[in-house]
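These are the residues of each chain, in order.
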Amino acid sequence: MDAPTKAWALNRVAQVALAGVRERVRVRAPNAEGVPGSPQDVSAEWLTAALCAGAPGVRVLSVATGPASVGTTTRAGLAVTYNEAGAAAGLPTRLFVKCTTTVAQRLMLGLGGLIDGEPGFYTHVRPTLEIEAPIGCFAAVDPRSWRSIVVTEDVASTRGAHFWRPSTAITRGQIEDLLANAAAWHGALWDSSRLGEWRWLKTPADQMRVIDSLIALANRTGVGAERARPVIPSVLRRRRADLHEGMRRSMHILSQGPRTYLHGDLHIANTYSTQAGRMGIADWQVGLQGSWAHDYAYLLATSLEVEDRRRLERDLLDFYLERLAAVGGGAISRDAAWAAYRQATLYPYFAWLYTIGRSRLQPSFQPADTSLTMIERIAAAIDDLDSLGAVGL
C-alpha cells in the first residue's frame, strides 16, 4: 500500500471540509439515499431502505434517537418500530449507530486510512465468525466526503452489556474469555486467502507508513508524553527517540510471517461484559492484517493491573496459544510467542500518547482517566519486558 503524500492529504482536507460546509448551509430532508450525516439524520425511510430491502412489505414506522456521545465517531442508540410485517419478521428493535458527523472525525479516519475498517468488518468479516461481538445490520461510506455509518445491534439492550471503565477490575476468567475470543477469529482467518480480498486491510507496516507520512500534520505524541508524565517510568521518558524507532521496527516485525485478521485497536476499553457473563469486543474501526501478537499484546497490556499482568502473563500466553492451535491457528513455540509479545507493546504506547495529546481541533477520543490508565499499564509492560531490547534497541 502506498503511503499518502502531503499534497494528497491537503487536497483531501480541502474536499472534506468543503463537503462539510455544503452540508451546513444546505437544508437536507432525510431520505433513503446516501449516507446519513449523524444519528439524528437516520429516518424511518432511510432505515426501511437499509434494513428491509430484502423483505417486501416490511417498513420502519418510527425511529427514536437516544442521547449521542462524540469521539472518533458520533454514536447513539436507536429505538425502532416496524409495521406488522416487520414485527412478524423479528427484525431488531434496538440498534446502535455510529456516524462520522464532523469534519474532524472524517479527516481523522479518512487520512489515517481507517474509514473503511468498520464498514468492511461488519459487511464482509463479521458474518463469517462465531465470536462475542455485535451483529452488524448495515454499513456504508461515501468515498468523496468520508461520511460513514455503521448500524449494529445495541448490545447494551440485547445482551445487557456493560462496557469497561477505569474502575473496572478484570478477573482472570474474564481475560481468558477475551483471549479465547481473539483466538477464535485469529484461528478462523489464519493465513487466509480472504485477507487479500479485503482490500481495505493494511499491515502494521502499512499503518506505520501512513503515520510517518502524516505525522507533520498532527503530531501530538510529545504533548501526550508531557500530559502523561506522572505515569511514565523515568527510564522511558529518557528514551523517547528510541521508543519511536522501536515502534517503527515493531510494526515491520508484526507484518512478517503468517497473517491473520487483526482488530487493530484491541484495548480493554473496547470490550464489554454481557448479562450472561461473556466478554465481548466492539469498535472494529482499525482492521489490519498481520501477526496475532499485535492484538494479543495490546489486550494484555491494557486489561490487567500491572501486578496482575506480571503474575499471569506467562500462563495467559500458554492459554492463548492452546486456544489458537485448537481453532485452526498456527502452532507457535512458547519462546517465539514470548518474543513476539515483547516486540508488540510499542504501538499501543504511542496510540495512547496521541489520544491524550489531542489538540482542541481534534475529536475527544477518550476521557483523560482512561488514557492515563492505559499509558501507565502499557509503559510498565514496555519497561518490564524490555520491549526496546526485543526489537534491537
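The preceding data block contains the structure.
Throughout what follows, the structure given in this document is the object of discussion.

Rules and cut-offs
- Residues numbered from 1 in each chain as written.
- Predicted model: local features only at pLDDT ≥ 70, side-chain atom pairs only at ≥ 80, totals over all residues.
- Heavy atoms only, no water.
- Helix = DSSP H or I, 4+ residues; strand = E, 2+ residues; numbered from the N terminus.
- Buried < 20%, exposed > 50% of the residue type's maximum accessible area, 1.4 Å probe, protein only.
- Contact = heavy atoms within 4.5 Å.
- Areas by Shrake-Rupley, 256 points an atom, 1.4 Å probe, with all protein chains shown as cover.
- Phe/Tyr/Trp six-rings, centres within 6.5 Å; stacked < 30°, edge-to-face > 60°.
- Lys NZ or Arg CZ within 6 Å of the ring centre and 35° of its normal.
- Pairing = 2+ DSSP bridges.
- Axes fitted to C-alpha atoms, helices over the stretch in contact; angles between N-to-C directions.
- Left-handed = near helix turned anticlockwise from the far one by under 90°.
- Nonpolar A, V, L, I, M, F, W, Y, C, P; charged D, E, K, R; others polar.
- Salt bridge = Lys/Arg side-chain N within 4 Å of Asp/Glu carboxyl O.
- Lys, Arg positive; Asp, Glu negative; His and termini not counted.
- Polar contact = N/O pair within 3.5 Å; in protein donor to acceptor, adjacent residues only side chain to side chain.

### A few points about the overall build of the protein chain
Counting its secondary structure elements, the protein chain contains 18 helices and 11 strands. Burial statistics for the protein chain: of 393 residues in total, 53% are counted as buried. A separation of at least 24 residues holds for 74% of the contacts in the protein chain among residues at least 6 apart in sequence. With the model as given, the accessible surface of the protein chain reaches about 16800 Å², and the carbon-plus-sulfur share is 51%.

### Topic: the environment of arginine 237
Mapped onto the elements of the fold, arginine 237 is located in helix α11 (residues 234-237). Judged by relative accessible area, which is 35%, arginine 237 ranks as partly exposed. Between the C-alpha atom of arginine 237 and that of alanine 379, which follows or precedes it by 142 residues, the distance is 9.9 Å. Setting aside its immediate chain neighbours within four residues, arginine 237 contacts Arg229 and Ile232.

### Focus on the packing of aromatic side chains
For the structure on display, the rule yields 15 aromatic pairs. Summarising the aromatic geometry, the rings of tyrosine 349 and phenylalanine 350 are spaced 5.5 Å apart at their centres and angled 90 degrees between planes, so their arrangement reads as edge-to-face. The rings of Phe121, Tyr122, Trp185, Trp198, Trp200, Tyr261 and Trp284 are connected pair by pair, giving a single aromatic cluster. Over the ring of tryptophan 338 we find arginine 314; its NZ or CZ atom is 3.8 Å from the centre of that ring.

### Quick look at the sheet that holds strand β9 (residues 271-273)
Strands sit in the order β7-β9-β10 across an open sheet of 3 strands; the sheet is antiparallel. Both outer strands of the open sheet, β7 (162-163) and β10 (279-281), are each paired with one neighbouring strand and no more. Note that β7 and β9 share 2 bridges and pair antiparallel. Residue pairing for β9: phenylalanine 163 is matched across the bridge by tyrosine 272. Across the sheet, helix α7 (residues 172-188) touches β9 and β10, and the angle it forms with β10 is around 45 degrees.

### Thoughts on the packing of α7 against helix α14 (residues 306-326)
Helix-helix packing is characterised by the crossing angle of the two axes and by the distance between the axes. The contact between α7 and α14 brings their axes to 9 Å, and the two run at 35 degrees. Classified by chirality, the crossing of α14 by α7 is right-handed. Between α7 and α14, the residues in contact are Arg172, Ile175, Glu176, Leu179, Ala180, Ala182, Ala183, His186 and Gly187 and Leu312, Asp315, Leu316, Phe319, Tyr320, Arg323 and Leu324, respectively. Looking at the contact of α7 with α14, its residues break down into 10 nonpolar, 2 polar and 4 charged.

### A few points about unusual backbone geometry
Even without being glycine, tryptophan 146 reaches a positive phi, approximately 60 degrees. Looking at the element boundaries, tryptophan 146 is found in the loop between β5 (136-141) and β6 (148-153). Even without being glycine, aspartate 386 reaches a positive phi, approximately 50 degrees. Given the relative accessible area of 39%, aspartate 386 is considered partly exposed.

### A word on helix α15 (residues 334-343)
For an α-helix, the turn length of 3.6 residues means that residues three or four places apart are oriented alike. Taken as a whole, α15 has its buried residues at Ala337, Trp338, Ala340, Tyr341 and Gln343. Where α15 is buried, its residues touch α12 (240-253), α13 (292-303), α14, α16 (346-356), α17 (368-385) and α18 (387-390).

### Looking at the side chain of histidine 267
Tracing the chain through its elements places histidine 267 in the loop between β8 (260-262) and β9. For histidine 267, the contacting residues outside a window of four places in its chain are Tyr298, Thr302, Trp352, Gln366 and Met374.

### Observations regarding the pattern of salt bridges
By the definition in use, this model includes 21 salt bridges. Residue glutamate 245 pairs with arginine 248 through a salt bridge whose shortest N-O separation is 3.1 Å. A residue pair is termed a helical-turn pair when its members lie 3 or 4 positions apart in one helix, as glutamate 245 and arginine 248 do in helix α12 at 3 residues. Judged by its relative accessible area of 24%, arginine 248 is partly exposed. Among the ionic pairs, aspartate 386 bridges to arginine 342, the shortest N-O distance being 4.0 Å. Note that aspartate 386 is positioned in the loop between α17 and α18 and arginine 342 in helix α15, a separation of 44 residues in sequence.

### Section: the side chain of arginine 126
Inspection of the secondary structure assignment puts arginine 126 in the loop between α5 (117-125) and β5. At 5.8 Å, glutamate 153 is the nearest oppositely charged side chain to arginine 126, a buried residue that forms no salt bridge. Looking at arginine 126, its side chain comes within polar contact range of the main-chain oxygen of leucine 129, at 2.9 Å. Polar contacts involving the side chain of arginine 126 include one to the main-chain carbonyl oxygen of proline 134, which spans 3.0 Å. Other than its neighbours up to four places away in sequence, arginine 126 contacts Phe121, Ile131, Ala133, Pro134 and Ile135.

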